[in-house]
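Breakdown of the fold
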Amino acid sequence: MTVAHESADDKKWRELAQGFGLSAEEFARLKECLKRAPSLEEIAVAGALWSEHCSYKSSRVHLARFHTQESWVLQGPGENAGIVEIAPGVGLAFKMESHNHPSYIEPYQGAATGVGGILRDVFCMGARPVANLNCLRYGEGEYNAHLLKHTVRGIGDYGNSVGVPTVGGQTRFHSGYSKNILVNAFTAGLVKADGIFRGKLQNENTPTGTQKPSGLIPGTALTHAKREELFPDGANLLLYFGSATGRDGVHGATMSSDTFDDSSATLKPTVQVGDPFAEKKLLEVTLELLDQKLCVGLQDMGAAGLTSSGVEMAGRSGCGVALDLNLIPARTARLKAYEYLLSESQERMLCAVTPEKAQAVLELCKKHQVAAAIIGSVNNTGEFICIHNDTVACALPVDVLTENAPKYTWPLQDRSAYLKDHARIENRSQPCSASSTPPGGVSAKQTLQLSLPEPTRQTLAQLFESNQTTLAEAWKEIFPLLPDWFALPANVSKDPLTRHYCSTVQGNTLAGCQTPRRSAAAVVRLDDAYCALNMKQDPRAESVPAIALVAGCQERWIEIDPLNGSAQSTLQLGRRIAASGGRPLAMTDCLNFGSPRQPAVMRQISDAIDGINSVAKTMRIPIVSGNVSLNNQTGQTPIPPTPMVGMVGVLDRATELIEENHALNARVYWLRDKDIARLSRFEYSEWAWNIFRLNAGPVPEVDFEHEQKLWSALSLLRSAQLLAACSNVGVGGLLNTVLSLAARSGFAFAWNEKALNMSLHECCAEGQTGVLVSLQSSPQTDTRFAAIVEQSNLEAIEIGKMIAPAALTKEEHGVWDKIHRACSDSLKPFFE
Amino acid sequence: MTRRTAAIVQFPGTNCDHDTVRWLSRNLELDVQLVRSRDDVERLPPGDTSVIVLPGGFSFGDYLRAGALAARSPLMDWVRLQASRGVAVLGICNGFQILCESGLLPGALAPNIVRQHVHEFVTVHVETQVVSPWSPSIVESGRLLNLPISCGMGNFVAPRKNDAYNILFRYTHNLLGSFESIAGITNPEGNIVGMMPHPERASDPLLGATDGLYMLDALARHLGIVVRTGSPLAIWRSTHKEKNR
Amino acid sequence: MIARYSRPVMSQLWSEEAKYASWSRVERAHLEGLVERRGLNPSVLNAFDNAIRTTGSEDYARREQETGHDVIAYVAEVGAAMGDFGRWLHQGLTSSDVLDTALSLRVCESLELLSRPLRQLRVDLAKKAFAYVQTPIMGRTHGIHAEPLSFGQVLAGHFEEFQRAHLALIEAQKICRTGKLSGAVGQYSQLTPEYESHVLGKLGLRAEPIATQVIPRDRILVAAHACENLANAIDRFATNMRHWARTELQEVLEPFGSKQKGSSAMPHKKNPVLAENLCGLARAVRGYVNMLSQNTSLWHERDISHSSVERMALPDLFVTLDFMTARCAQLIEQMVVQPDVMKRNLDRLGGLWASQSVLTQLTNAGMNRTEAYELVQRIALPLSAQAARENQSADAFLCALEGHSAVVELLGRETLKGLFNLDRFMAHTPARFLQVFGTTPEEVTRIHSGQVCTSSVPALQTTYKVTVALHTDVLDTEAKTIEEHMANQGLQARLKRSKVFTISLPQPDEKDALLRYVSSVLRNEVMESIEVEVIQ
């Protein structure tokens with residue numbers, strides 16, 4: 001039924017399809033694939049599965065380049081989460097996922113359900129979650145202050161209630177996120193290497209019969225014979241368990257791939273509502289189910305709910321499925337067929353079971369007070385068939401929805417043209433006129449203010465004008481301005497935020513937010529879960545391994561140069577793991593970008609993938625799972641490119657943890673490349689960004705060789721038990737790192753001669769800037785340290801020591817006090 | 001000698017159960033059992049249960065009021081019976097809320113005055129004159145313990161007419177708004193203790209916090225339970241021996 | 001109170017014995033109060049119980065002959081029987097304290113009693129409404145054929161009216177649930193307000209905030225008006241019933257027993273006597289309500305002009321209405337619905353009921369409205385006249401329209417025929433049912449296999465509202481913050497946080513279990529107070 005010109009009826013259907021996220025071309029493609037007009041339900045299903053969120057239609061061609069395999073990878077991309085082996089027989093499953101759009105609209109529930117979703121992705125593989133991280137990006141203004149407060153509450157309340165510690169992450173601010181905040185959640189869980197479950201419908205040994213299309217079309221009433229064909233005797237059954245289905249989140253999946261316009265307010269009711277208690281029950285029942293090997297395959301119902309889980313499992317198994325929607329436990333009796341299919345009600349699972357075990361699964365669910373029902377069956381139609389009120393609502397070939405989903409190769413901007421366009425990027429945050437005394441950056445109305453007070457900025461600009469000025473020359477003038485600097489949201493302590501997160505539940509968090517010990521990466525020991533995996537073994541504390549976790553990215557570098565910037569940014573995560581005493585093993589990514597229809601954004605995506613990949617390949621840190629969030633833009637302005645990376649590493653023994661905070665009176669060394677000027681620059685640092693309100697390229701190419709030397713030197717120092725503390729030199733370069741470490745411990749820092757003779761630009765430069773270490777006090781430490789540094793072809797410059805503020809003059813003491821308070825209190829009012 | 005039994009009571013939504021099991025079983029020669037139903041109680045090893053712990057978490061999702069629904073579960077009747085026989089009962093965090101809701105301890109816990117979930121290491125002052133198997137009465141001078149709190153409803157509201165309790169712990173800084181800075185109380189007999197801070201999360205040198213061991217030390221002394229050799233508590237005892245004498 | 005129009009339980013409630021019994025409840029509660037609050041010897045209660053057992057209404061009536069005052073007679077008789085303890089009886093009370101408090105008890109009880117037949121009536125009516133949702137009946141305005149609609153919808157309309165009347169009865173109970181022990185002119189010269197609240201609490205009553213010597217009569221009037229609403233709802237249904245049963249219609253008939261006789265003279269008759277009786281009784285009820293509405297303005301702190309009216313109107317009002325409601329429920333349950341007759345009547349005018357649809361369709365197709373109206377009228381009116389004299393075929397109007405080339409050309413035969421599809425007039429009925437009953441006929445069929453009962457129809461369930469409120473002295477940080485914020489804006493307010501639960505019970509007798517659960521689980525004594533009220 002092809003019509004030359006579009007009739008009123010056709011127009012109506014095309015617009016309807018648009019409402020479900022299908023473009024005119026995609027709608028035409030769907031009709032073409034089916035050789036008939038699709039039903040409303042089919043449009044809904046295709047709209048959901050062809051959305052960017054489910055199909056990666058714009059990024060797939062680029063994601064294929066990722067380095068994903070190493071001998072320790074147990075599960076690479078394509079499943080709910082990636083898994084690496086961290087100890088003999090023990091896998092670590094982890095993944096990061098975005099929940100950006102929902103969190104902007106309804107911050108509390110949006111962020112909470114983001115955590116819920118990623119937890120399910122991990123535990124549905126059979127892994128018990130042991131740690132959460134989150135990467136957050138906010139912009140400026142009052143609404144962003146509101147978003148900050150409520151997303152943090154949402155993340156905390158959900159994770160705390162389920163009983164998974166939230167141990168770290170990264171929170172940053174940039175005016176480019178004002179209208180598109182980012183909420184990326186990461187979960188890691190432990191799984192027995194032989195107990196990994198995947199989202200499939202058939203066992204390996206089930207013969208897949210030849211596919212025979214059902215020949216059904218929507219609208220036909222189901223005959224008895226057809227029913228037997230769709231729900232064949234003896235075939236594996238689809239079993240639904242978890243919370244009942246309601247209307248919440250209908251349209252959620254299509255929304256998360258849409259750009260925002262002014263009508264966003266009307267999207268509010270489509271945000272899902274989380275129930276952490278239901279999640280906790282679901283977690284326990286799922287793990288018990290998998291432990292008893294009662295099911296064949298399992299997948300959580302995430303974005304696009306039942307539709308995506310049903311179709312994706314069918315796609316992986318190469319078979320068809322039939323669902324009777326009326327059998328789904330529902331919160332209300334009047335759900336329409338497409339509402340069943342698109343509902344994003346939280347805390348639900350779909351699993352495939354053999355007929356013999358179905359009863360056992362139902363009983364297990366009953367024991368845990370979790371609703372469950374058999375809702376469908378596996379068959380060999382190769383189609384995704386849904387029955388509603390005994391009538392066919394949807395009969396789509398699975399491959400149309402999966403392999404044959406649209407793939408786009410959007411045009412890329414030429415790389416050199418991109419670099420030229422972005423050679424200088426401006427800080428567009430609102431200038432702050434009033435000079436704010438600490439707690440600064442925060443006014444009574446609680447608005448996020450991202451700029452330095454103008455008088456402070458101008459003074460600093462004069463000081464930083466010349467690249468010859470030494471720290472000694474400028475210190476006297478910079479020092480009194482530091483309280484303003486540390487009141488900036490970029491530099492404040494995040495403790496007022498992280499106190500919402502229970503980081504110590506499960507009792508294994510060695511270092512994380514709000515723990516007595518701190519480290520460059522969050523570190524969680526295996527212990528409890530490890531004991532559970534190796535029954536009867538009572539591991540002595542010192543032999544227990546631990547995992548190191550970090551996540552984040554440096555969007556400013558990536559905006560200037562997506563390739564080198566993302567490589568630099570990713571490498572820094574690895575350095576933090578190395579600094580904590582660990583060895584990086586693998587990573588996951590969560591690629592947050594603007595619209596793929598903009599060639600510049602596509603350049604960012606493509607280059608960021610290559611940049612991360614260069615680290616993956618060279619440093620052998622494979623990428624085992626990932627998620628893409630596109631269309632993070634309002635109007636024509638995309639967010640800064642934010643390819644968030646979560647990295648996991650391992651400490652063979654929990655006792656090898658190196659703390660980050662240097663002790664009182666510790667002599668601090670800067671361990672770095674001999675030619676640091678080659679590897680770092682002041683022009684794209686946090687200081688330049690805030691003082692001159694711009695960053696300029698180029699971003700230096702990564703020197704992997706240096707980085708490898710640094711990491712192995714750290715490993716040698718650790719084995720020799722020379723290190724007392726080690727911290728990564730990160731945002732704001734040496735100056736920021738030293739001062740914030742001092743501020744956090746309540747200390748002051750006394751620069752030595754050598755440090756004071758460094759240029760300000762050197763102290764504030766960012767890039768491959770090495771680490772700060774302090775040493776154990778024991779005889780021969782210094783000589784052994786010097787030997788290892790020498791042997792590694794690095795240099796270690798002693799820069800000064802941590803001192804008690806009381807030892808200073810009253811005036812200096814006063815300033816340090818202000819710095820401490822600015823740093824620790826500036827975020828507090830946002831949560832009151 | 002038959003081993004003594006400790007029962008860890010688990011409700012749907014309890015999430016500090018495994019930590020608590022480990023806390024006790026790693027340090028003390030106790031047979032530690034998780035109980036989630038009356039059936040589990042029947043299956044406990046013969047002989048008297050000496051210790052019952054209600055661990056933290058979000059029993060029944062904290063619906064209605066934290067601890068309210070768990071307090072009305074049949075399992076609590078058993079706890080009540082054991083408590084009346086003098087068994088040492090400890091409720092931590094959500095366990096404290098459950099003990100108050102069930103009437104085993106007076107008072108109730110309201111939302112934190114700061115209106116947010118608070119996870120932080122805090123300092124609590126021990127009121128040493130209280131006699132309880134859980135009371136770290138042998139604490140050296142200072143009597144301050146550094147323990148983590150993690151709760152949204154930790155603001156203790158005292159009963160209006162009743163003063164049938166002893167204060168065991170007070171916060172040095174009353175972050176949550178508790179009546180008289182109360183962090184933990186005992187019943188008049190002293191065998192039932194409820195507290196908001198989590199001693200089980202501060203009993204391991206690797207975690208950088210060991211003050212929770214004071215409570216295990218007290219329990220072991222009061223009930224004559226043997227400390228496991230090589231355990232964190234045994235090591236802790238050997239280093240604290242000097243001071244305690 | 002005519003035996004013919006009364007039922008035993010309600011009549012009993014308004015008997016002399018019941019009156020004295022209600023006084024005794026009040027006097028006993030007062031004595032308990034004296035024991036608990038004034039340290040009186042608890043044996044006084046035994047003495048009182050004994051005295052009540054050994055004396056009776058005849059004794060009081062006899063004594064009243066002497067005293068000319070009923071309460072004094074009662075107090076004297078019972079007091080004497082109590083021996084020494086007698087001096088404590090009625091201590092500090094004025095007679096209206098007993099009379100009015102007891103009257104409140106009886107009024108509330110009567111309103112509660114009325115709920116029983118009314119609940120049954122609503123169940124029966126809902127069953128019929130669901131049963132006839134697909135049955136078309138001719139809708140009539142001015143007694144003239146208008147357009148068809150679902151008979152189920154007609155009944156759902158009556159249901160909705162009874163539902164409203166029921167809510168008014170429940171509301172009236174709340175308003176009438178006050179008592180008074182505030183003495184001669186309501187100024188507590190003998191007892192204290194705290195004491196009053198304590199004693200009234202035992203009887204499930206609140207204290208009248210400001211009483212004169214009596215409880216203000218507007219409260220009773222609220223109850224009377226609620227009763228009037230119910231009587232009117234019955235009246236409207238019965239009136240419809242009488243019309244349906246007319247020989248010319250015969251769409252719904254009253255039940256007719258096998259030995260029943262219609263007319264003393266004409267053996268062929270089946271008269272709608274039950275419905276007619278209901279219409280008549282409704283007139284009587286409206287009379288009683290009118291009497292009571294003149295009772296509210298008494299002289300100063302009281303006169304006795306209201307007393308005689310209440311002695312007559314109140315018993316008759318409640319007893320009559322109770323009888324009416326039960327009879328109406330029975331009528332609804334047993335009425336004989338004749339869908340085939342409804343269909344025949346509907347077709348009598350040859351399908352003229354589609355005239356508006358034809359008119360609309362013509363204007364949609366582009367015809368001028370006045371022109372279209374006149375065209376349809378030209379075709380319709382002769383048919384109407386003809387139908388009065390001879391039988392018309394059901395599609396006479398359609399045929400006439402089809403004979404009209406202009407109409408056929410504009411609309412096409414298919415469209416025209418479609419306008420005569422009866423389903424169009426009942427398409428929205430399920431949505432109306434959802435609104436009224438909280439469920440649809442389709443759902444009742446699918447989920448409850450067609451069973452219309454309290455568990456399948458939300459509107460038939462008893463609904464309670466449970467409000468759990470934080471005590472004011474418990475720190476509620478959120479309320480405190482809002483309160484401070486308001487204070488900063490110049491608004492001095494005290495906020496209280498409460499949770500509200502709405503609980504529907506299919507079985508009314510589960511109420512006790514609900515109350516037990518509420519008091520043991522939902523409430524925390526330290527933090528919260530609780531209130532349970534019936535809202536449907």
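What you are looking at is a predicted structure, and each value in this text was computed from that prediction instead of being measured.

**Let's talk about the overall build of chain B**
- A tally of helices and strands in chain B yields 7 helices and 11 strands.
- By the compact-globule yardstick of 18 Å for 245 residues, chain B fits well, its C-alpha radius of gyration being 17 Å.
- On the principal axes, the C-alpha backbone points of chain B span a range of 45 × 45 × 30 Å.
- Counting all 245 residues of chain B, 64% fall into the buried class.
- The contacts in chain B between residues at least 6 apart in sequence include a share of 73% that link residues at least 24 apart.
- Just so you have it, chain B exposes about 8,900 Å², and 50% of that area is on carbon and sulfur atoms.

**Quick notes on the sheet that holds strand β7 (residues 462-470) of chain C**
All names here are of chain C.
- Within the open sheet, the 3 strands sit side by side as β8-β7-β9. Their pairing is antiparallel. What marks the edges here is a single partner per strand, and that holds for β8 (498-505) and β9 (528-534). Going from strand to strand, the sheet's axes swing by 15° on average, the running direction of each strand aside.
- Two strands pair when backbone bridges link them, and β7 and β9 are joined in this way by 7 bridges, in the antiparallel orientation.

**Comments concerning the interface of chain B and chain A**
- Between chain B and chain A, the residue contacts involve 29 residues of the former and 33 residues of the latter.
- When chain B packs against chain A, the two sides together hide about 2,700 Å² of surface, and 50% of this comes from carbon and sulfur.
- Per-residue buried area on chain B facing chain A is highest for H119(B), L206(B) and L207(B); these three make up 25% of the total on that side.
- If you look at where chain B meets chain A, you find 2 salt bridges.
- Salt-bridge contacts for D204(B) lead to R525(A); the nearest nitrogen and oxygen are separated by 2.7 Å.
- The set of elements that each furnish at least two residues to the side of chain B that touches chain A consists of α1 (17-27), β6 (118-126) and β7 (144-151) of chain B.
- Its residues assigned to classes, the side of chain B that touches chain A comprises 12 nonpolar, 10 polar and 7 charged.

The rules behind these values
- Residues numbered from 1 in each chain as written.
- Chains lettered and ligands numbered in written order.
- Predicted model: local features only at pLDDT ≥ 70, side-chain atom pairs only at ≥ 80, totals over all residues.
- Heavy atoms only, no water.
- Helix = DSSP H or I, 4+ residues; strand = E, 2+ residues; numbered from the N terminus.
- Rg over C-alpha atoms; globule rule 2.2 N^0.38 Å.
- Buried < 20%, exposed > 50% of the residue type's maximum accessible area, 1.4 Å probe, protein only.
- Contact = heavy atoms within 4.5 Å.
- Areas by Shrake-Rupley, 256 points an atom, 1.4 Å probe, with all protein chains shown as cover.
- Pairing = 2+ DSSP bridges.
- Axes fitted to C-alpha atoms, helices over the stretch in contact; angles between N-to-C directions.
- Buried area = accessible area lost by both parts, 1.4 Å probe.
- Salt bridge = Lys/Arg side-chain N within 4 Å of Asp/Glu carboxyl O.
- Nonpolar A, V, L, I, M, F, W, Y, C, P; charged D, E, K, R; others polar.

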